[in-house]
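Overview (structure and organization)
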Amino acid sequence: MDIKYSFEKRPNADAIIELYDNAGLPRPTHDKERIQKMFDNSNLIVTAWDGDLLIGVSRCITDWVWSCYLADLAIRKEYQKDGIGKKLINLTKEKVGEQSMVLLLSVPTALEYYPKVGFKKQESSFIINREE
């Protein structure tokens, strides 16, 4: 397996939707325009590729000096447990540097994953949920 990671190679909305659906990531994949806007408005994206196949993505919003919100981490099902998610997280952290924290909101199915790759569980978060 020759996985290539990239900060520059941006997938199109169709590839993102296919990846999210395959990975089981609950995102509005029925709304191609919304998915495209999610990526257009993110300022740090790391992708993982097996040839031309998008197999993983870390999508973030960051100010580069204080915080980096890891909005999406998705790995294609057949590539999970190969260290790709951890590598995407490490590349993300490397890119934002030592001054910035990386934080996220986890989907329920990944609650046990994040502590295994270096995240500490926090009890101090709050949320105003989206309406749609």
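Quick caveat: nothing in here was measured; it's all calculated off a predicted structure.

Another aspect to go through is the nonpolar core. Among the nonpolar cores identified, the biggest contains 37 residues, and Y20 and I84 are the most heavily contacted of them. Mapped by element, the contributors of at least two residues to this core are helix 1 (13–23), helix 2 (32–40), strand 2 (44–50), strand 3 (53–62), strand 4 (67–75) and helix 3 (84–96). Among residues more than four places away in sequence, those in contact with I84 are I3, Y5, A48, I55, I75 and Y79.

Glancing now at the sheet that holds strand 5 (residues 101–103). Reading across the sheet, the five strands line up as 1-2-3-4-5 and stay open at both edges, with mixed pairing between neighbours. At either margin of the open sheet sits one strand with a lone partner, and together these are strand 1 (3–6) and strand 5. Between one strand and the next, the sheet's axes are offset by a mean angle of 25°, whatever the strand orientation. Sheet topology note: the strand 4/strand 5 ladder contains three bridges and is parallel. Note that in strand 5 the partner of C68 across the bridge is V102. The strands touched by helix 1 are strand 3 and strand 4; relative to strand 3, the strand with the most contacts, the crossing angle is about 100°.

With that settled, the discussion passes to a nonpolar patch on the surface. There is a patch of nonpolar side chains on the surface, built from W64, V65, W66, M101 and L103 and spanning about 500 Å² of accessible area. Locating W64 in the fold gives a position in the loop between strand 3 and strand 4. Using a relative accessible area of 33% as the deciding quantity, one classes W64 as partly exposed.

Within an α-helix, residues lying three or four positions from one another point in the same direction, as the helix has 3.6 residues per turn. In this model helix 3 runs 19 Å from its N-terminal to its C-terminal C-alpha over 13 residues, within 8% of the 18 Å that 1.5 Å per residue would give. Three or more residues of helix 3 are buried, namely I84, G85, L88, I89, L91, T92 and V96. Take helix 3 and look down its axis: the buried residues cluster within an arc of 160°, on one side only. Each element contacted by the buried residues of helix 3 is listed here: strand 1, strand 2, strand 3, strand 4, strand 5 and helix 4 (113–116). Two residues or fewer after helix 3 comes G97, characterised by a positive phi angle close to 85°.

Reading the values: rules and limits
- The numbers attached to residues start from 1 for each chain and follow its sequence in the written order.
- Owing to the predicted nature of the model, reporting of local features is limited to residues with pLDDT of at least 70; listing and counting of side-chain atom pairs is limited to 80 or more, with chain, interface and lining totals taken over all residues.
- Remark: hydrogens and water are excluded; side-chain values derive from all non-hydrogen atoms of the structure.
- Only buried residues count toward a nonpolar core, which is a set of Ala, Val, Leu, Ile, Met, Phe, Trp, Tyr and Cys residues joined through side-chain atoms within 4.5 Å.
- The classification of residues rests on relative accessible area computed with a 1.4 Å probe and restricted to protein chains. Under 20% of the type maximum is buried, over 50% is exposed, and intermediate values are partly exposed.
- Secondary structure elements are defined from DSSP: runs of H or I of at least 4 residues count as helices, runs of E of at least 2 residues count as strands, and each element is numbered from the N terminus.
- What makes two residues a contact is simply this: any of their non-hydrogen atoms within 4.5 Å.
- Here, a strand pair is defined by DSSP locating no fewer than two bridges between the strands.
- Inter-axis angles, ranging from 0 to 180 degrees, are taken between N-to-C directions of lines fitted to C-alpha atoms, where helices are fitted over the stretch in contact.
- Exposure above 30% relative accessible area and the lack of any salt bridge qualify a residue for a patch; like charges then connect within 9 Å, and the nonpolar side chains Val, Leu, Ile, Met, Phe, Trp and Tyr within 5 Å.
- Note on areas: Shrake-Rupley, 1.4 Å probe, and residue coverage restricted to the protein chains presented here.
- What counts as a salt bridge is simple: a side-chain nitrogen of Lys or Arg found within 4 Å of a carboxyl oxygen of Asp or Glu.
- Here the expected span of a helix is defined as 1.5 Å times the quantity of residues minus one.
- Note that the arc is defined by the directions from the helix axis to the C-beta atoms.

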